[in-house]
Each structure stands twice: as C-alpha cells, then as structure tokens.
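# Residue-level structure breakdown
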Amino acid sequence: MTGGLDPPITVLRAFSVSDPEFVEETALAVIYKVRSADGASAALKIYKDAGMANERPGFAFLEALNGDGAARVRQVSGNAALIEWLDGPSLGDLTRRGEDERAATKLVEAANRIHARPRQVSEQLPVLADWFDALFKIEFAPDCPPATRRDLMFCRETARRLCDDQQDVRPMHGDLHHDNIRLTDRGPCAFDAKGVVGERCFELANAFRNPRGVPDLVRNPKRARYLCDFWSREFRVAPTRLIEWAAVKCALSICWRCEDQLAFDEEFDLLSLFVGIVRDGPGPD
C-alpha cells in the first residue's frame, strides 16, 4: 500500500476486491488500483461526497457504451465505483510529450466512436442548459477587469442562444478531454464521464482547454484554430458553433470555480482567446 490513504475494508469487501494500491487523490475522489475476484486489475474510485458530486450520472452513460470506446463499469454502490483498469498513456500524456496532433486525432476518434449510434441510458441524465445557471447568475466583484466582464457577458448571451437552439441533442460523456481518454489496445477509451443530455457539438468543447501541464500550448491561437478546423471536419459540426461552445464552456468553468463574486481566475486570458476567435471567425489567421 502506498500514498498513506487506505480504503475502508467495508468497501473492499462490498466490491470483492483486494490488494489496493493508491493511485491518485482528486478534489472529488480517491482512486486505487485493485485486484478483482476474477484476478483482473480494476480502478476503485471512492468519492468524498455521498452523491458522487456531478459524476454519478456519468456511470449510467458509460454503462450504456458497454466498453465501446470507453471503460467498462463493473459495479457502482454507495459512494464508490469499480471500473475497468485502462492500460496505456492518456491523450494528455501524448500532448505533453510533443504529440499534440496525434492526441487530437485520437480524441475525435474517441468522440466519433462514442457517438456512432444512439445510446440508451438506463437513467435520466441532467440537461445541458441547466449546467449554465452559474454563468447566467454570476456576479462581478468591483475589481473584476472590465475586459473580462465584457467577455463573460458575451459568453452569457452566446450560451443562452446556443442552449435555446440546440442541435442533434443526445446523451453525452460531458467531460471529454485529453486526460479522460487512454490509448488502449482496443483504441482510445474514455472514462470519468459526467453524463448529460444536450447538443452533440458540446462534447468537444472542454477539450480546447486541455490537457493540463502545457499552458502555453493551450493558449496558442494557432493551436485553438487548428483544433477548431480539424475537429469540426472530423466530428461533422460547424466550426463557428464548435468554438462558441468552447468559449462558453471556458466561461462556465470560471464561474464554477467562483465562490462568491468573480474577481480573478487563471483562465481569464484563455477566455479572451476563445472569445476573440468567435468574434473574428474560426478560420485560419
């Protein structure tokens, strides 16, 4: 056992797993690599919140995929879940070692595989428009930069228009980005889904802000425009609509991190980049 965080023995028994190895602690959960009763490795994710924060619906979505472009869900009980262990690098690892275009190709491959056919999800998923309440209700601190205030107001109006006129509405992963996809022996497989119903184009929105650890690359206008052009063609969506969803998702994430009034966030410059591309048009420089 490593990491100094032991999973409760009651949880190990409930999932019939053994040999827990600490992997990671996130804001939402603690993750272990464990051995299941059939001898296979699996990921045991124990949430700090009994409701699994906003990820509980994601397991129903992953179950609907049944391993088709995603990790298989083995069991969900209480505040924990047992998921197939995915070997192989994440697409974030690919980007961080200089293979960003390959990562972009594999990411849209995963998205296309997930959305290749309708998915019948066993439970009702949250509605995408409801996610944007935080953006619609955000209040600004007196020292919030005027340019950022304008960007947020622009995104608020853009989000209202997009949410009121959604196209190709369907169940989605909801958090599809580089570090939530691993390159396995059966191709790119996604995990850590949120589970939401909304416009299919939104599925790629959060990937523009990712992966972690390469802030200069993520803020490179040429990279953002390349992704918009490439993903819109490969995912068969309008480039303008795709970058609009990317901008409003960035604004939404900023608002989610704001505890009271918005004064500062490390992604103000990234939001400005996306809003600028929306205003100028997503074509090449």
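The preceding data block contains the structure.
Because the structure is predicted, anything quoted here is derived from the model rather than measured.

### Focus on the overall build of the chain
A count of helices and strands for the chain gives 11 helices and 11 strands. The globule rule puts the C-alpha radius of gyration for 285 residues at 19 Å, and the 19 Å found for the chain is close to it. Taking the principal axes of its C-alpha atoms as reference, the chain extends roughly 55 × 40 × 35 Å. Burial analysis of the chain (285 residues in total) assigns 52% to the buried set. Counted over contacts in the chain with a minimum sequence separation of 6, partners at least 24 positions apart contribute 69%. Just so you have it, the chain exposes about 12,900 Å², and 48% of that area is on carbon and sulfur atoms. Across the chain, 38 positive and 45 negative side-chain charges occur, with their mean positions spaced 3 Å apart.

### Details of the pairing of strand 5 (residues 80-84)
When you tally the buried positions in strand 5, you get five out of five residues, the bulk of the element. In terms of strand pairing, strand 3 (residues 41-47) meets strand 5 through five bridges, oriented antiparallel. The partner of Ala42 across the bridge, within strand 5, is Glu84. As paired elements, strand 4 (residues 73-77) and strand 5 share four bridges and run antiparallel to each other. Directly across from Val76, in strand 5, lies its bridge partner Ala81. As consecutive antiparallel partners, strand 4 and strand 5 are separated by two residues, and within that stretch Gly78 has a phi angle of approximately 60°, a positive value.

### Let's talk about the nonpolar core
In this structure, Phe132, Leu135, Phe208, Trp231, Trp245 and Phe274 are the most contacted members of the largest nonpolar core, which totals 80 residues. Counting residues per element, this core draws most heavily on helix 10 (residues 239-257), which supplies 11 residues. Discounting residues that sit within four places of it in the chain, Phe274 has contacts with Phe208, Arg209, Ala224, Ile243, Ala246, Ala247 and Cys250. One finds Phe22, Val34, Ala80 and Leu82 within the second-largest nonpolar core, a separate group that totals 13 residues.

### Considerations on the packing of aromatic side chains
Under the definition given, this model contains 12 aromatic pairs. Geometrically, the ring pair formed by Trp131 and Phe202 is edge-to-face, given 6.1 Å between the ring centres and 75° between the ring planes. Taken together, the positions of Trp131 in helix 5 (residues 128-131) and Phe202 in the loop between strand 10 (196-199) and helix 8 (215-218) put the pair 71 residues apart, joining distant regions of the chain. Phe202 carries the same exposure label as Trp131, and that label is buried. Taking the centre distance of 6.1 Å and the plane angle of 50° together, the rings of Phe132 and Trp245 count as tilted. Taken together, the positions of Phe132 in the loop between helix 5 and helix 6 (133-137) and Trp245 in helix 10 put the pair 113 residues apart, joining distant regions of the chain. Considered together, Phe132 and Trp245 belong to a single accessibility category, that of buried residues. Among the aromatic residues, those joined into a cluster by ring pairs are Trp131, Phe132, Phe136, Phe202, Trp245 and Trp256. A cation over a ring is seen here: Arg160 above Phe136, with NZ or CZ 4.9 Å from the ring centre.

Each value, and the rule that gives it
- Residues numbered from 1 in each chain as written.
- Predicted model: local features only at pLDDT ≥ 70, side-chain atom pairs only at ≥ 80, totals over all residues.
- Heavy atoms only, no water.
- Helix = DSSP H or I, 4+ residues; strand = E, 2+ residues; numbered from the N terminus.
- Rg over C-alpha atoms; globule rule 2.2 N^0.38 Å.
- Buried < 20%, exposed > 50% of the residue type's maximum accessible area, 1.4 Å probe, protein only.
- Contact = heavy atoms within 4.5 Å.
- Areas by Shrake-Rupley, 256 points an atom, 1.4 Å probe, with all protein chains shown as cover.
- Lys, Arg positive; Asp, Glu negative; His and termini not counted.
- Charge placed at Lys NZ, Arg CZ, Asp CG, Glu CD.
- Pairing = 2+ DSSP bridges.
- Core = buried A, V, L, I, M, F, W, Y, C linked by side-chain atoms within 4.5 Å.
- Phe/Tyr/Trp six-rings, centres within 6.5 Å; stacked < 30°, edge-to-face > 60°.
- Lys NZ or Arg CZ within 6 Å of the ring centre and 35° of its normal.

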